[in-house]
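Results of the structural survey
Given next are the chains, with one letter for each unit.
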Amino acid sequence: MTLTRRQFLIHAAAATTSFASLKAIAWGKAASEFGLKDQFKDDFYIGTALSGRKIREAEPRYMSRIGREFNALTMENSMKWEAVRPQEGVWRWENVDRFVALGEKLNAYRVGHVLVWHAQTPEWVFSKPNGDLRSRKDLAGLMEAHIQTYVDRYKGRIHAWDVVNEAIDGGKAWRKSHWYNILGEGYIDRAFNCAHDADPKAHLIYNDYNMDQPHKREQLLSYIRRAKKRGVPIHGVGLQSHVGLSFPNIDQFEQSIEAFAAEGMRIHITELDMDVLPVAWEHVGAEISTRFEYSKELNPYPNGLPMDVEQLMVERYVQFFKLFLKHRDKIDRVTFWGVGDGESWKNDFPVIGRTNYPLLFDRDYKKKKCYHAIAALGHTKPQ
Ligand code: XIL
């Protein structure tokens, strides 16, 4: 049995103090101490992605924002294969240990990102020292040993894992990654089974971008239906939600929430941010190798976001949060992909060197208008 968000809250509360007295503490908080996590405490977790360097340096403004606003934590990069296992035989646990300890201190829901992905995975995983691709048997063994060692090490201390990330390509098909090319579709089953064996209580997630698109939705739904028949332990779908002012279509986004939930999946909004810069290309997802050339026209707000654009951003964030609240019975967590605009990956993706404004806090970690607009929608108010 995996822990749902509500079960986790109850367990966590019981571990420290009684649920009733914990609730009283949260309700009694002064307005100045009230964070998003408090406003939405009866709806879903509010999460963020952490920078390994920033939590190591423990910059006070950054740390106080995390503690006050968020009750779910993910590492932005430090738990990826290239960070944890840059070379064969080398495991680097330091950043992950620090993350888990911080999450425990804050009593936050802790997400492991990510076990199996085509990107940010070193070449040695797929190729032998002589450059030849690994055999099916070798790669399957490596993947299973990776998951087993990693999940087992943090058993009971990481609540949810992004087990497989971005396995679907732009069409209605599996991405032709080394994982797929060498192991076939079966690698997905294997990854989930192996994570479940290592920690039977962990909540296991399939995570991807552009999941509002009907062909990606259908591809995953069809897999989930088949996987469930085979007894594969898949519990949740992560909608990355790297959104913009004009994409995605919110009705299609809603249809995906409903369709995955109808298959018994819990919904996690895993990497929410909002690109407010011009989109001068046909279509872009979150495939991290995508690049477009820099031009001044593509970077129109280097010295601050004009008020009219900020207003559009506020309205758009409100639209998404209203949708999340409407489906609060299906959604476990809403995680933002970072804390302050200054460190967002969106300053360099898909064009390097722009000034973007995708998050709720500015470059000094001050609350932006979109923060206040979202907070106003929360059900729980400070006294
Ligand atoms: C991004 C990070 O934010 C960047 O710092 C890094 O350079 C590339 O990866 N989908 C995912 C995330 O699942 O791990 C990616 O994070 C963004 C797209």
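About the cut-offs
- Residues numbered from 1 in each chain as written.
- Predicted model: local features only at pLDDT ≥ 70, side-chain atom pairs only at ≥ 80, totals over all residues.
- Heavy atoms only, no water.
- Helix = DSSP H or I, 4+ residues; strand = E, 2+ residues; numbered from the N terminus.
- Rg over C-alpha atoms; globule rule 2.2 N^0.38 Å.
- Buried < 20%, exposed > 50% of the residue type's maximum accessible area, 1.4 Å probe, protein only.
- Contact = heavy atoms within 4.5 Å.
- Areas by Shrake-Rupley, 256 points an atom, 1.4 Å probe, with all protein chains shown as cover.
- Lys, Arg positive; Asp, Glu negative; His and termini not counted.
- Charge placed at Lys NZ, Arg CZ, Asp CG, Glu CD.
- 1 Å grid on protein atoms, 1.4 Å probe; cavity = no way out; pocket = protein on both sides within 12 Å on 5 of 7 lines; lining within 4 Å.
- Points joined across faces, edges and corners; volume = space filled by probe spheres on them.
- Nonpolar A, V, L, I, M, F, W, Y, C, P; charged D, E, K, R; others polar.
- Expected span 1.5 Å × (residues − 1).
- Salt bridge = Lys/Arg side-chain N within 4 Å of Asp/Glu carboxyl O.
- Polar contact = N/O pair within 3.5 Å; in protein donor to acceptor, adjacent residues only side chain to side chain.

Observations regarding the overall build of the protein
The helix and strand inventory of the protein stands at 15 helices and nine strands. Rg of the C-alpha trace for the protein: 20 Å, near the compact-globule value of 21 Å for 383 residues, within the 12% margin. C-alpha atoms of the protein, sized along the principal axes, occupy 60 × 55 × 40 Å. Counting across all 383 residues of the protein, residues that qualify as buried make up 57%. Counted over contacts in the protein with a minimum sequence separation of 6, partners at least 24 positions apart contribute 79%. When the accessible surface of the protein is split by element, carbon and sulfur atoms take 52% of a total near 15800 Å². Separation of charge centres in the protein, based on 54 positive and 49 negative side chains, amounts to 4 Å.

Thoughts on empty space enclosed by the protein
On inspection of all chains with the given rule, the structure shows two cavities of 30 Å³ or more. Size it by volume and the second largest cavity reaches roughly 30 Å³. Lining the second largest cavity are Lys 80, Trp 81, Val 114, Leu 115, Trp 117, Ala 119, Gln 120 and Thr 121. In the lining of the second largest cavity, the residues fall into five nonpolar, two polar and one charged.

Let's talk about helix H14 (residues 307–326)
Between its first and last C-alpha atoms H14 spans 28 Å; for 20 residues at 1.5 Å apiece the expected length is 28 Å, and the two agree. Among the residues of H14, those classed as buried are Val 309, Glu 310, Met 313, Val 314, Arg 316, Tyr 317, Val 318, Phe 320, Phe 321, Leu 323, Phe 324 and Leu 325.

Quick notes on the side chain of Asp 199
Within the fold, Asp 199 resides in the loop between helix H11 (186–198) and strand S5 (203–208). Here Asp 199 sits buried without a salt bridge, and the closest side chain of opposite charge, Lys 155, lies 5.7 Å off (N-O distance). One polar contact links the side chain of Asp 199 to the main-chain amide nitrogen of Gly 156, over a distance of 3.0 Å.

Topic: the pattern of salt bridges
Inspection of every chain in the model, using the stated rule, returns 25 salt bridges. In this structure, Glu 287 and Arg 175 form a salt bridge, with 3.2 Å as the shortest nitrogen-oxygen distance. Taken as a pair, Glu 287 in the loop between strand S8 (266–275) and H14 and Arg 175 in the loop between strand S4 (160–165) and helix H10 (178–183) lie far apart in primary sequence, 112 residues in all. Look at Glu 287 and you get buried, because its relative accessible area is 16%. When the shortest N-O distance is used, the salt bridge between Glu 263 and Lys 228 registers 3.1 Å. In this pair, Glu 263 sits in the loop between helix H13 (250–262) and S8 while Lys 228 sits in helix H12 (residues 214–229), placing the two residues 35 residues apart along the sequence. According to the relative accessible area criterion, Glu 263 is buried, its value standing at 16%. Taking the relative accessible area as the measure of exposure, Lys 228 reaches 37% and is therefore partly exposed.

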